[in-house]
Each structure stands twice: as C-alpha cells, then as structure tokens.
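Observations on the model geometry
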Amino acid sequence: MADIPKALTYRGIPVWRHAVIIQWALQIVSAIIAVSLVAWFFFNIAGSIQERDIPYGFSFLSREYQTPIGEHFLPYESSDSFLYALIVAAVNTIVVAVLGVGLATLLGILIGVARLSSSWILSKLMLAYIEFFRNVPLLVQLLFWFFIVLTLPPVREGYVLFSRIYVNNAGISFPGLVGGNLQAVGVWVGLAAASIALGALVHHLLSWREDRTGKASYPLLAGIAVAAAGGAAAWLVVGSFTGEAPLVISSPEPHGRFGRIAGGVTLRAGLLVLLVGLVIYTSAFIAEIVRAGIQSVGRGQIEASRALGLSGIDSLRQVTFPQALRVIIPPLISQYLNLTKNSSLGGAVGYTDLTNVAITMTQTAPAISIFMLIMLSYLVMSLTWSLIGNLYNRRMRIVGA
Amino acid sequence: MASASQVAEPVLPPRSEVGVAGWARENLFGSWYSGILTVVSAAAVVLAIWFGLRWTLMSANWDVVGIIGGRFIIGGYNTDQACPGNDCFWRPQAALLMVTALLGMLWVVAAGGVVKRVAIAAAAAAALSAFLPYSMERMGLDVRLLLLANVPALAIGWALARYTPLGTGRWVAVYGVVVFLLTIILLRGSSDISFAAGPLRLHIPMPDLLRPVPTLYWGGLTLNLLLAVAGIAMSLPLGIALALGRRSHLPVVKILCVIFIEVFRGVPLITILFMSQHLVPLAFPENFPRNSLFSAGVMITLFSSAYMAENIRGGLQSLHPGQAEAARALGLAGWQTTLFISLPQAVRNVIPTIVGQFISLFKDTSLVYIIGMVDIVEIGRTFILGNPEYRVSTKEVFIFISIVFWAFTYGMSYVSRQLERTLGVGER
C-alpha cells in the first residue's frame, strides 16, 4: 500500500478499486458511449439531409394530404390536412384495437375455461385451437382470411342470409342501430352513460347496506332498473326534442344500378379481416393466460368454497376468478398491447391503419418526421395500456402483502 | 386374536370406476353439462375431420404447392437474375448438410433424448424430399443426391462427436458459430479477391460456382431461418445485458436501458423495420453498401432483445434475495454472483417465456416483406397475386405455409418442454 501515491487514493483506497469511483466511472463511460452513439447517428442523418437535399421538418402537417383513406370513422376529405389525416388513421387503429381487445377477451376467456373443462374431448379440442393459432404467424393468418374474402362474390352477386345480412367481397352488412342526428346521439349516449353510473352507485350503496344489515336489498336488480329507467327517460326526452328516435334500427338494402348496399351496419372487408385475424390470434394467447390464472388458484380454495356450500358456478365466480384475476391481468394487458401493435399489419389486408397511412404518406412528405410522430403515437397507446394495468394492479394488490 | 391376523380380501373398485368405462365416466360424462359439452364437441370434431379430409383429399388442388416448390425453400436464390446458369442450388444445400452434421454432433453431446429425435426427423425429412415426384428436369439427380447426403452427414457428425475429442459442448458451440458464418459466406459467394498493398499483390480467383448472389435475392424459408437464428443468438445476450442494466443501481445505466426497452417494446416491429429502411441509409455515407438483410437482422434483434430483457428481469425478480446474499457472504464478487448464481437460476426459471420469445421472433421474420425481402410468406403472396389463375388455390398455399411455420414453432416449444423436464424446473 505504501508505494501508491496519495493522489491515486480516495479515502485510503486506490481509486481503481474503490467501489464508488468504479461505479461512477462506469456510469460516465456508458453515458458518453450512449450519447455519442445517438449524436453520431443524428449528426450523420442531419448531414445527409443537408447534403442530399431531403425534405424535413413538420411544416407539411398543415398541407393538404390529397390522398383518399380507404376506411375512416371520422369524416374525412382528400382536401384535409396531413395532421388531420394522421388523426383519422390513429382513430382507425384505436377502433380496431378496442373492438379487437373486447372480442379477443371474450373468446379467450371462453376458450380458456373450456380448456379446463371436465370433458376430455372439449379440452383437447381447445388445446388444438390454442396450439395451432398461437404458433402460426399473424400475417399468414391475415392473408389466409384476406384471400378467402377476396374469393367471395362481388357486391351484386353477393350472398344474402336470412334476407337481411349481405355478405360479399366488400364486407358484411347487417341490420343495426344507426343514429340519425349526430348531436342527438351524442346527448343520448351521454345521458345513458350518466344513468349507468347512477345505477352503479345505487348498486354499490344497496350492496353496502345488504352487507351491513343482512337485509335483502336486491342491489343488482335495483341498479339495472335505475340504469334502464334513466336510459329510457333520456331516450324519450331526446326523442321529443328532435322529433325522432336518437337511434333507429336500419336494415341494409341494395341501391342503384351497381347494387351498392346502403343502410344498416357495414363491416368493410379490410376491418373485418383484420378483426377476425387479430381476435383469433390473440384469443389463443389469452386462453392460455386465463387457464394458467385459474390453475394458479390453490385447490384448497375451491374445495373450501364447495364445502361452504357454494355451487360450481358461484365458486368460480366468487372465489376462483377474483383470485385468478390477479395473476391474469398483467399478462393480459401485455396481450392488449400486442394486439394494438399487431393492428399495424392492417396494410397487408387493405385496412388503413396508422402505419399503413404513414407508409403511404412517406411518398409525399418527409419520412423521418412522419415516423417520429407515428412512434410517438404508438408509445402513447402502449403507455395508456400500461397505465390501465398499473392502476388495476394497485387496486387489486393483496392488502398487507 | 386369530381373526385380527386375518387379512380381509381386497375389494376391487366397482366396474364403473375402472377401465374404459370408468375413464369415460370421469372424463367425458362427469356431470350432465359435461356430457352435453362432450357430445357437442365430439360432433364438432367428427364434422371437422369429415369436411377437412374431404376438402384436403378431394376438393383441394395441391398442385400449386408443387409448382412453387423449391421457391418456398430458397426463394429467388437460384433464378436467372440472381445466379445466371441456375447452378447455385448446391450452396444452400451444402449449408443444410453442415447443419445436419451439427445436429449429429449435438445428438451425442446432449446424450440422445429430444435432440436425437429432432436430428433424426430433420435428416429424414431432407432425405425423403429427395424422392419428391418431380420430373428429372425440374429436380435433377444432383439435387436429389445432395438431399440424400443428409443421412451420411448426420452419421459423420455423430461419429465425429462420438469418436474424436470434438464431442464436447464447447466444440459444438464453436462449430455452430462456424457453420453459421460459413452458411452466410457460402450463400453470399464472392468474386475474385484482389489485394494490393505495396509490393504485396494477391489475387485469389474464385471459382465460377461461388459467384456472388446479392442478399436481395435470398428468400424463402432459408431467409426466415437465417434471420431467426441470428436474432435468437444475438438477442439473448443483449437481453440479459439490458435486464441487468435495468436492475442496476447506477441511475444512468438504468435510465438508458429503460428508455431502450420501452421504446422498442412500445412500437410495432413493422414500423421499426420500415423506418430502418429510411433512416439507416441516411446514417451511413452514400456509397456505403445498402443491405436490407443486415438491417432487418439488426432491427429484429434489437426489437426482440427488449422483450427478452423483460423476460429475464422477471426471472431475476423471482429469485429469493437470500441467493445473492449467500453468494456475497461466501466471498463472491458482484459480477461472480450475477454470472454464476443469479443468472443461471433466473434463466432456468423463465425458459418457457424465453422460448416463447424465440417463437415470436421466428414468426416475426415474416414481417420483412415490408422492406422488400421475399420470405416464404411473401413468396406465396406474390405467386398468388402474379398468377390469377391460381387464385382459387390460395387456401392451399397459406395452409401449407402455416404447417411449415407450425412444424418449426411446435418443435421449439417441444424442445423447451423437454429441456424444462431435464433441468427440473418447478421441482426444486
């Protein structure tokens, strides 16, 4: 020790062996490496942009996009701006993600529970479903469904089921509730949501009273009744103000020379294929998550609940499932995230999702700027899912654990 | 007392509880709703088999699979543009022979078991495809012989590992890396190498058989497998590094890793691939050789390593802190604790999720179509779009591709399950 100069020691320890100094040196070195890599990358890109005269910046956002978007849920014209077109495309992605998540969850839970059925043959059937659809790339499945829809007859010669449902290579049209006046629908949906919230509150209060006093208060019935009454009253009020029902049942019907189908609800081919593919693919993953979650609940829990006199379905609903949910939710959220990101394959089946529109835009606008916006949008969507998952996790955390 | 020593005659369980009847009573008709479900699903199975078989054997026209044939495997590699003279087919086949020999060596090193079955299945599949009923013009004798050679290749690999000192895990790993590099070199080919430095002049002529084939023409299943192997080999170590970085108590390292992981996990791969096509050329000088294959491999690796990092982190979190504390108490340094105590247990605990990530990486290789690479899926798609007369046979094409993918991914999860059993996961 004596031959080490004092300048090379820190609190009596040689600097190259001092834990604090080593750690700081490591951090500084890694920060320098990371920053210089990123800087090198960006300087090169910036240099190339200047050298090769490549357009950049975000001024294009206010320009007219002048390209049609095949499918859109927000009103859209070709004369709208790039920014608005991007919003339209993002809404397309969100619509597919939300619909897909809902349907995939339902199907996944169904298959996951059936996988645990006491019927051997049903359980093996579900195993085959899971193993097949999980192991084949989503793109292959999407293309399979896509070409099946392409082989359907054109609109004029399409199939008609029950003389109400029209199936052809442009999509599927079926009767459904259609809003006439957009504002009236908005007001009614708002009021209906409020009455559902009121119903939930009534349910909550009555079940609290039932738990406390032991008197039967029928919380579920009362809650549903309040929500339904509120919705109906809102319907009458809105209807009497506008002179027509906010939502009417509309049936699709062929119109005009080309037999174009108008009215009803139409799922266009692109959305339909993307939705079917995403739901089938994701439900196989969700089914495995649900199965693992249910199996993670101790056998004793189920036996105890049966011994207490709960029926099979009650024990599943009140004992097994709430405990399984704790295990199920985190991986489930990550599947939702995957589904949202997988919807970027929409372009392969003719659905104008965010990525597809962005790729088209790169022909007339700076690619770098567009992709920075796109990555940001996807990051926001991912973070939203993570946030929902984290909130739920916090609520469901085992108290005291 | 005499009666106490008498052992009662054992009573057999009632007939309804044993044998086929007992099994059916318990597993098919346990309750009334279970019985209904059994009947309904049995009906569904019978109908599916009936219509499935009828379609497969009678309605389906499998000719289209035969017409695309070898293009599924190597894409445009042996076409006129890629390889004038169409004599490059032997190069992927030679690569396959090396892989089979590697499998033969693994068979010995892993002491049989699942590797043995995989090796035999692979060699048998290759050898059997030598007997495909193509005309000799479409599938020449040379092609068939090279396919048949997979059986001796397996035997050679096996013998090498069994009777020479090469039969250790370390050597097989080295040979594996060599095989991968040789495969790339062999597929890439090379023109004559000229080298002049001062007085030293070197000219290595390359045989015409090794003429270069641009990576643009690499395709088919070979492309999927190459990307998957490279991605798997690189994303596991990278993922481990990122996971350790994310758990590090050095704030700068931690933040860098978190940003990397969350950005790559938050964005779809297809977007990353497409962006790489626009950004990577800008980041390099204009005369820098563009190579979609390379940038696809890098992007898939980075994307997958972000997920891998989260899986490994889960494994690290599942460890009892006592493990690391005990290791430190025994005098192991921090890096030794991580390398020899924490990581092996963490990785062992999450083998299923790691293999799941490998599987999704393999499936994700089908997305390279977005940057113009022609993998097996894109071969099928472009063939259908380019030949409208085969539009009716689209189902057959995609079912075939699905089965190919399924065979590989199911094989991977099968190996993983066997590996878990060997390592005794969940038993210790």
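Being a predicted model, the structure only gives us computed values, none of them experimental.

Turning our eyes to something else, we now look at the overall build of chain A. Regarding its fold elements, chain A presents eleven helices and ten strands. For 401 residues, the compact-globule estimate of 2.2 N^0.38 gives 21 Å, and chain A exceeds it by more than 25% at 29 Å. Taking the principal axes of the C-alpha coordinates as reference, chain A spans close to 95 × 70 × 50 Å. For chain A, with 401 residues in total, the buried portion stands at 38%.

Looking now at the overall build of chain B. Looking only at helices and strands, chain B features 19 helices and three strands. For chain B, the spread of C-alpha atoms along the three principal axes comes to 110 × 70 × 50 Å. Relative to its 428 residues, chain B shows a buried fraction of 39%. Counting only contacts in chain B whose residues sit at least 6 apart along the sequence, the fraction spanning at least 24 positions is 72%.

Turning next to the interface of chain B and chain A. How big an interface is tends to be stated in terms of accessible area lost as the parts join. If you look at the interface, chain B gives 58 residues, while chain A gives 55 residues. Of the roughly 4800 Å² buried where chain B meets chain A, counting both sides, 75% is carbon and sulfur surface. Summed over the shared surface of chain B and chain A, the result is zero salt bridges. Linking chain B with chain A are ten residue pairs in polar contact (both at pLDDT 80 or more), by the criterion used here. Of all elements in the fold, only helix H2 (19-27), helix H3 (32-59), helix H12 (251-266), helix H13 (269-283), helix H14 (292-317), helix H17 (351-364), helix H18 (376-386) and helix H19 (394-423) of chain B reach the threshold of two or more residues within the side of chain B that touches chain A. The element that contributes the greatest number of residues to the side of chain B that touches chain A is H19(B), accounting for ten residues.

Turning to the nonpolar core, a few remarks are in order. Counting residues in each nonpolar core, the largest one holds 135 residues, and the members touching the most others are Val377(B) and Ile401(B). The leading source of residues in this core is helix H7 (residues 269-296) of chain A, at twelve residues. Setting aside chain neighbours within four positions, we find Val377(B) in contact with Leu139(A), Val140(A), Leu143(A), Ser366(B), Phe398(B), Ile401(B) and Phe405(B).

The domain architecture assigned to chain A consists of domain 1 (6-51) and domain 2 (55-149 + 267-401). A straight line from the C-alpha centre of domain 1 of chain A to that of domain 2 of chain A covers 41 Å.

All names here are of chain B. Nonpolar side chains collect at one region of the surface, where Trp171, Val174, Val177, Val178, Leu181, Leu182 and Ile185 lie side by side and expose about 630 Å² of accessible area between them. With respect to the element layout, Val174 can be found in helix H10 (residues 169-188). Residue class for Val174 comes out partly exposed when judged on its relative accessible area of 41%.

Residues and elements named next belong to chain B. Look at helix H11 (residues 220-247) against H12: their axes get within 7 Å of each other, and the N-to-C directions meet at 130°. With respect to each other, H11 and H12 are oriented oblique. Handedness of the crossing formed by H11 with H12: left-handed. Contact with H11, carried on its side by Leu242, Gly245 and Arg246, involves Val253, Lys254, Cys257, Val258, Phe260, Ile261 and Glu262 of H12 and no other residues of that element. By residue class, the composition of the contact of H11 with H12 is six nonpolar, one polar and three charged.

The geometry of two aromatic rings is summed up by the distance between their centres and the angle between their planes. One pass over the full model with this rule turns up 20 aromatic pairs over all chains. Ring geometry for Phe383(B) and Tyr390(B): centres 5.3 Å apart, planes at 35°, overall tilted. For Phe383(B), a relative accessible area of 14% gives the class buried. Ring-pair connections join several aromatic residues into one group, and the members of that group are Tyr129(A), Phe132(A) and Phe133(A).

Residues and elements named next belong to chain B. Relative to the helices and strands, Ser248 is located in the loop between H11 and H12. On the basis of relative accessibility, which here comes to 16%, the residue Ser248 falls in the buried class. Those residues in contact with Ser248, other than ones at most four positions away along the chain, are Val253 and Lys254.

This paragraph deals with the pairing of strand E5 (residues 171-174) of chain A. Taken residue by residue, a regular strand's side chains alternate between the two faces of the sheet. Residues and elements named next belong to chain A. The alternating pattern of E5 places Gly171 and Ser173 on a buried face and Ile172 and Phe174 on a face that is not buried. Where strand E4 (residues 165-168) lies against E5, three bridges are found, and the strand directions are antiparallel. The partner of Tyr166 across the bridge, within E5, is Ser173. Taking the residues between adjacent antiparallel strands as the criterion, E4 and E5 are bridged by two residues. With four bridges connecting them, E5 and strand E10 (residues 265-268) associate as antiparallel partners. What sits directly across from Ile172, in E10, is Leu267.

Conventions we followed
- Residues numbered from 1 in each chain as written.
- Chains lettered and ligands numbered in written order.
- Predicted model: local features only at pLDDT ≥ 70, side-chain atom pairs only at ≥ 80, totals over all residues.
- Heavy atoms only, no water.
- Helix = DSSP H or I, 4+ residues; strand = E, 2+ residues; numbered from the N terminus.
- Rg over C-alpha atoms; globule rule 2.2 N^0.38 Å.
- Buried < 20%, exposed > 50% of the residue type's maximum accessible area, 1.4 Å probe, protein only.
- Contact = heavy atoms within 4.5 Å.
- Buried area = accessible area lost by both parts, 1.4 Å probe.
- Salt bridge = Lys/Arg side-chain N within 4 Å of Asp/Glu carboxyl O.
- Polar contact = N/O pair within 3.5 Å; in protein donor to acceptor, adjacent residues only side chain to side chain.
- Core = buried A, V, L, I, M, F, W, Y, C linked by side-chain atoms within 4.5 Å.
- Domains from an automatic or database assignment.
- Patch = residues over 30% accessible without salt bridge, like charges linked within 9 Å, V, L, I, M, F, W, Y side chains within 5 Å.
- Areas by Shrake-Rupley, 256 points an atom, 1.4 Å probe, with all protein chains shown as cover.
- Axes fitted to C-alpha atoms, helices over the stretch in contact; angles between N-to-C directions.
- Parallel < 35°, antiparallel > 145°, perpendicular 65-115°, else oblique.
- Left-handed = near helix turned anticlockwise from the far one by under 90°.
- Nonpolar A, V, L, I, M, F, W, Y, C, P; charged D, E, K, R; others polar.
- Phe/Tyr/Trp six-rings, centres within 6.5 Å; stacked < 30°, edge-to-face > 60°.
- Pairing = 2+ DSSP bridges.

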